[in-house]
Amino acid sequence: MPPPQTSPTARQFFHGRGLLSEWHPQYEYRPGQQEMAEAVEGALAEKRHLVVEAGTGTGKTLAYLIPAILSGKRVVVSTGTKNLQEQLYFKDIPFLARHMNRELRVSYMKGRKNYLCRQKVYDAEKEPVLAGLEEVADYQVIREWEKTTEMGDRAEIRQLPAGSTAWSKLDARRELCSGQKCAQFERCFITRMQQRARESDIIIVNHHLFFADLAVKDRDYEGIIPDYQAVIFDEAHEIESVAGDYFGCSISNHQVEDLRRDITALARRKNFGTQELDRVLMTLDECADRFFAVFAGKEGRSGIPDRVELRESCEAVYQDLLRVLELTGAHLQLVKGATDELIPLNGRVEELRQTLQFWMESDDSDFVYWIERRGRGVYLEATPIDVSSLLRDKLFDQVDTIILTSATLAVGGGFEYVKTRLGIPAPRTAIVQGPFDYPKQALLYVANGLPDPRSPSFTESASEEVIRLLEMSKGRAFVLFTSYQQMRAFHDRISFEIEYPTLLQGTGPNHALLDEFRNTPHCVLFATSSFWQGVDVPGDNLSCVIIDKLPFAVPTDPVVEARVRAIREAGGDAFHDYQVPSAALALKQGFGRLIRSRSDRGVLALLDNRITKQRYGQIFFDSLPDYGFTMQINEVARFFDV
Ligand code: SF4
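Residues numbered from 1 in each chain as written. Predicted model: local features only at pLDDT ≥ 70, side-chain atom pairs only at ≥ 80, totals over all residues. Heavy atoms only, no water.

1. Things to note about the sheet that holds strand E14 (residues 502-504)
Spatially, seven strands are ordered E14-E15-E13-E16-E17-E12-E18 in an open sheet, and the strand pairing comes out parallel. Two strands bound the open sheet, and with one partner strand each, they are E14 and strand E18 (628-630). Neighbour-to-neighbour, the strand axes of the sheet open up by a mean angle of 15 degrees, direction not taken into account. Inspection of the sheet shows strand E12 (residues 442-446) paired to E18 by three bridges, in the parallel sense. Paired with leucine 443 across the two strands is glycine 628, which belongs to E18. Those strands touched by helix H22 (residues 510-519) are strand E13 (477-480), E14 and strand E15 (524-527), and its axis lies near 170 degrees from that of E14. (Pairing = 2+ DSSP bridges. Helix = DSSP H or I, 4+ residues; strand = E, 2+ residues; numbered from the N terminus. Axes fitted to C-alpha atoms, helices over the stretch in contact; angles between N-to-C directions. Contact = heavy atoms within 4.5 Å.)

2. Examining the side chain of aspartate 153
Summarising the element assignment, aspartate 153 is placed in the loop between helix H7 (132-148) and helix H8 (165-170). Engagement of the side chain of aspartate 153 in a polar contact is seen with the side chain of tyrosine 108, the distance being 2.6 Å. Excluding residues within four positions of it along the chain, aspartate 153 makes contact with Tyr108, Lys110, Asn114, Tyr115 and Trp145. (Polar contact = N/O pair within 3.5 Å; in protein donor to acceptor, adjacent residues only side chain to side chain.)

3. Focus on the site of the ligand
With respect to spatial proximity, the complete set of residues near the ligand consists of Arg112, Cys117, Arg118, Gln119, Ala172, Cys177, Ser178, Gly179, Cys182, Gln184 and Cys188. Classifying every residue of the shell around the ligand gives five nonpolar, four polar and two charged. (Near = heavy atom within 4 Å. Nonpolar A, V, L, I, M, F, W, Y, C, P; charged D, E, K, R; others polar.)

4. Some words on the pattern of salt bridges
Scanning the model with the defined rule gives 46 salt bridges in all. Aspartate 171 is paired through a salt bridge with lysine 120; the nearest N and O atoms lie 3.9 Å apart. Of the two residues, aspartate 171 sits in the loop between H8 and helix H9 (189-198) while lysine 120 sits in helix H6 (residues 118-126), which places them 51 residues apart along the sequence. Neither residue differs from the other here; aspartate 171 and lysine 120 are each classed as buried. Several salt bridges share partner residues, and in doing so they unite Arg118, Glu125, Arg143, Glu146 and Arg187 into one network. (Salt bridge = Lys/Arg side-chain N within 4 Å of Asp/Glu carboxyl O. Buried < 20%, exposed > 50% of the residue type's maximum accessible area, 1.4 Å probe, protein only.)

5. As for helix H15 (residues 315-333)
Spanning 19 residues, H15 covers 27 Å between terminal C-alpha atoms, matching the ideal 27 Å at 1.5 Å per step. Among the residues of H15, Val317, Tyr318, Leu321, Leu322, Val324, Leu325, Thr328, Gly329, His331 and Leu332 are the ones counted as buried. (Expected span 1.5 Å × (residues − 1).)

6. Considerations on the packing of helix H12 (residues 253-270) against helix H13 (residues 275-293)
Orientation of H12 relative to H13, taken along the N-to-C sense of each, is 170 degrees, at an axis distance of 10 Å. Viewed along their axes, H12 and H13 adopt a mutual orientation that is roughly antiparallel. In this structure, H12 contributes Asn253, Val256, Arg260, Ile263, Thr264 and Ala267 to the contact, and H13 contributes Leu277, Leu281, Leu284, Asp285, Ala288 and Phe292. (Parallel < 35°, antiparallel > 145°, perpendicular 65-115°, else oblique.)

7. With respect to the domain arrangement of the protein
Domain boundaries assigned for the protein yield domain 1 (249-382) and domain 2 (438-639). When each unit is reduced to the centre of its C-alpha atoms, the spacing between domain 1 and domain 2 is 41 Å. Counting residues at the interface gives five residues for domain 1, matched by four residues for domain 2. Carbon and sulfur atoms supply 71% of the area buried between domain 1 and domain 2, which totals about 380 Å² over both sides. Three residues stand out in domain 1 for area buried against domain 2, namely Arg301, Val368 and Trp370, and they jointly supply 85% of the buried area on that side. Seen at the junction of domain 1 and domain 2, the total is one salt bridge. A salt bridge links arginine 301 to aspartate 557; its shortest N-O distance comes to 2.5 Å. There are one residue pair in polar contact (both at pLDDT 80 or more) connecting domain 1 and domain 2. Among the elements that make up the side of domain 1 that touches domain 2, the one with the highest residue count is strand E7 (residues 300-303) (three residues). Residue composition of the side of domain 1 that touches domain 2, grouped by class: two nonpolar, two polar and one charged. (Domains from an automatic or database assignment. Buried area = accessible area lost by both parts, 1.4 Å probe.)

Quick look at the structure:
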């Protein structure tokens, strides 16, 4: 009798002479990877939640993908970026399928704006929606591709420019989709994406899609991700902020303008325009202008000191806007022989009306209400102060297994911070080490002689220190700042004094700056938080990362302020329980840019010496990998062998 067939275990894949080493000639055994895979396997089998910090270089994607496949459950894998989604789907999954010698039922889902709307493509042939030669040229490319593509994902058309305005007129965004009433519904790329997901065991999404879906389900709508038994969050340090965005709400002047424009365009195309509708839409414009003008002010994010006072000061313009939104909705309802395309527009009118009403009138003290101004845009935002109870109710208590992983989750060697912030009930936890030899590969230098970063003389003295460091590293550096203002001040002071090429964030798209950095020997990039995470420059071109200050969240930011207040009111210590841990994780992220492979080597320099002078500094040290450490600049010179 043949022996009974047992399914393979994670151990059989990952141990020193396991299947991976047979499949992959360059595969190197990493104990941390095996440890993580076994922890993931155990959590899935025993229906437990798991938080696992996996150092850079652990190989964590295979360490969760293989146990997820072996579990036979439907598992959603949620990544921080679309790029990582694509890497899993187009690289890791085919590698596993090839070697496991079986078809893996895997699909990916992205947000609707990534997919083409077939109906709009067909309509564009008959109706004048395109403007200018560029849009017409892009349309031709899209039109041809539509005939052959299976997925309808714009990432397939590499030649389409990143900001193609033709694409934004043709994408499958919800605001203009008539759903099941659409003639293309059965062939629609969104329908097909959902169909593939329903037939899959592993569904790869990103955090934005995941929380958008969870928030929609929360409002009793049908979501787009089918039911699942487990979720694995990669880059899980991002989920508090993404969840906050989707469980909150937002209304802006741009949304009202877009709505007015879309109604006008549809009325013209479908011939239902009337003078009366024109008048209503003009009034909508005027009322929105008057209402949002109340919130004009300094660029950036700000809180509202007194909501009652604010409400009183704009009651009249608010009521006008509310009424004209109702009137707009009523007009759309009355359109004779109503076209299906009116359905989503009606939905948008109602959604805007409800959001406006919530933002102005809600007394829900679980939310912080605040304003952001960017250029011409005025955004009225409501964000949950604490997402932990929401996540516990909607996610951790509903799904058998939630696994969170990232290189930055533990503070001072423990997970109290992430457990509390996210509301994870009794998870298993693990810290697995990556394969790097940090004491040899990286030297952490704290500039101990500089003034306190809050002192007026800091910028001048610290700039001179940066120049010294850049001379030792021969450029090849990221200089990262906690604010734009500081970034510009340092750049202006330093860029003419060094002989190396410099790049400044904001002077081009981030990905283009990063490409230029990679391709320019001895380059120095001055940047802020967008380059603190998810950026990879292996090799010599990045040999020094300099950070100006301990990255405490700006205390006057309305969301941070509300969270600090809420912790204090509950009797907690906001500084030690929230501000220090979140800054420690951010610092770990920023410094994490330097060592991306076993052969990388370099210096991490911190210009803020509160880390050695204040008691809380120890938490930062305890949270960082075991880098070499010095406060002597000549040690830096020796490290670079100058
Ligand atoms: S169902 Fe919606 S997204 Fe799909 S083709 Fe029709 S209108 Fe476009």
